[in-house]
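Structure assessment
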Amino acid sequence: MKRIANVASRIALALVLAAALTPVGASAQDEAKAADDGPRVIEVTILGMSCPFCAYGAEQKLKKLDGVADLDIVLKTGLATLTLDDDADVPNEKLIDAVEDAGFEVATITRNFESEYGDYDAKDGA
Amino acid sequence: MPRTVPEAAKPAAPVDGSPGRIGRVARIAARTAVVLPASAGAQILSQPSRGAGTGGTLFHNPVFGLGPQTIWKGGFGMELQGAFTRRKGQLEQERLALHAELTYGITEDLSLTFAVPVAQRRTESGLAPGGGQIDRDATGVGDAVIRAKWRIFHEFSGATQYHAAVIGGVKLPVASSGAKPALGSGSTDYIGGATISRDGLRYYLWTSALVKVNGEAFQVRRGNEYRYDAAVGVRPVIPTYKGVDPLLLVEFNGVTAARTVANGASQPETVGTILAISPGFWLTHRNLALKGGVKIPFYQALGALESELKFTAVFAFEIHV
């Protein structure tokens, strides 16, 4: 019985030490690192894409932007996923202009990497 | 003294198989002060919308009506459309045409379209009033149309769009009006109208109203045409971006024509209304589209000099680049 108590206390001590030695925010850093290791992705939520035939215009406009390597669109959600070249980024204004030139509107813009442009939400304009 | 028009533009004899109607039309023709060009009387109401320069299947418009959809800024839309129309009135008439249409997006809200029947064949056959058989046909280009569409309103809600557009255009008489039968009206005509729609992943709704103000040719000014269309389109399945996207349509198409004026005299037997129902379809894959439909009249109230529309069938291929 005493031996079991010793083992349990050692396990508890090990867990406490492990927790104490783990830096705060490590999970966020891990996520950021994972993102840095993977491709840069911008997600643009587009309003008004009611058919693939008309959404083709959005594809044409977005694919021509500098730094865009690939593009995928999901009509049901209006989500355009732009995969960028290494270290590339696209300003929000250019994304919005491209979508509007195609006849649609942007609802949101989000990135999976640190960017000087930040996220965009049409509801608050930033 | 009545003025004359080119022989080729004169109408054919009233023959529709109905002795009563033949006699009536013959009496009316005899009373008529001038001879109406073929394009002024018997054909005015029965032109397929494309032939009259008011229609167009481009870019998710209904097959026979019009919608407010515009192409993206800097985009080109090209379409080839085959159309076949059969009419019966004074003569049995058929028209087989291959239309070419090019649209350019000046902005995302303003598009410019040039359309022309690059090849058409018109035939007329039946009995002449004094006896004898008429069998004639003509082949050539049709009248060209330049029109602009300006999207003046749009509202988005998720994937759904609500938008409205105004349309203006001109039909240029580039086709031969002296052919037998005439391949063009010989007049410069103007088109104006408005259209609204609701576009969604599940279904579409359109409506449009247009007027075609006809110009004068050979001392004859054909009556203006008023077109009113409504359509609903339903998708059997929600589309995916890179998949094939089918859509089934049912359209209601109406046209009413005012009186033709010839040598200053109004011609009461040139008025009329045709109402039609038109099943159709779209099948699109990315930037390619196939579209088709058949316009079937269910109500026709026509003056004696007008021809009844039997049907119009349309099949079109379209590409956007």
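Up top is the structure these notes are about.
Keep in mind that what you see is a predicted model, and the values were worked out from it rather than measured. (Residues numbered from 1 in each chain as written. Chains lettered and ligands numbered in written order. Predicted model: local features only at pLDDT ≥ 70, side-chain atom pairs only at ≥ 80, totals over all residues.)

1. Some details on the overall build of chain A
Which entries qualify depends on this criterion: Put simply, DSSP marks the helices as runs of H or I at least four residues long and the strands as runs of E at least two long, and each gets a number from the N terminus on. Neighbour density around each residue's C-beta defines its exposure: 20 or more other C-beta atoms within 10 Å make it buried, 12 or fewer make it exposed, and counts between make it partly exposed, where C-beta atoms are placed from the backbone. Residues are defined as contacting one another if the C-beta atoms placed from their backbone atoms lie within 7 Å.
Tallying secondary structure elements over chain A gives four helices and five strands in all. Of the regular secondary structure in chain A, the N- to C-terminal order runs α-α-β-α-β-β-α-β-β. Counting the 126 residues in chain A, one finds 30% classified as buried. Taking the contacts inside chain A whose residues are at least 6 apart along the sequence as the reference set, 57% of them involve residues at least 24 apart.

2. What about helix α3 (residues 52-63) of chain A?
Our working rule: In a helix, the anticipated span is given by 1.5 Å times the number of residues less one.
Compared with the 16 Å implied by 1.5 Å per residue over 12 residues, the 16 Å span of α3 of chain A between its first and last C-alpha is a close match. What α3 of chain A keeps buried is the set P52, F53, C54, A55, Y56, G57, A58, E59, K61 and L62 of chain A.

3. Description of the interface of chain A and chain B
In plain terms, the rule: Residue polarity follows a fixed list, in which Ala, Val, Leu, Ile, Met, Phe, Trp, Tyr, Cys and Pro are nonpolar, Asp, Glu, Lys and Arg are charged, and the others, Gly among them, are polar.
Counting residues at the interface gives 23 residues for chain A and 26 residues for chain B. If you tally residues by element for the side of chain A that touches chain B, the top one is α3 of chain A, at eight residues. When grouped by side-chain class, the residues that make up the side of chain A that touches chain B number 12 nonpolar, six polar and five charged.

4. Structural notes on the sheet that holds strand β1 (residues 41-47) of chain A
Residues and elements named next belong to chain A. So the rule is basically this: Should DSSP find at least two bridges between two strands, the strands are taken to pair. Axes, fitted as lines to C-alpha atoms, cover a helix only where it is in contact. Angles between the N-to-C directions of the axes lie from 0 to 180 degrees.
Strand order in this open sheet of five strands is β2-β3-β1-β4-β5, and the pairing throughout is antiparallel. Edge positions in the open sheet fall to β2 (68-74) and β5 (120-121), since each of these has one partner strand only. Looking at chain direction, β1 and strand β3 (residues 79-84) are connected through five bridges and run antiparallel. By the bridge assignment for β3, I42 is matched with L82. Sheet contacts for α3: β1, β2 and β3; angle to β2, the most-contacted strand, approximately 160 degrees. The strands touched by helix α4 (residues 92-101) are β1, β4 (105-111) and β5; relative to β4, the strand with the most contacts, the crossing angle is about 145 degrees.

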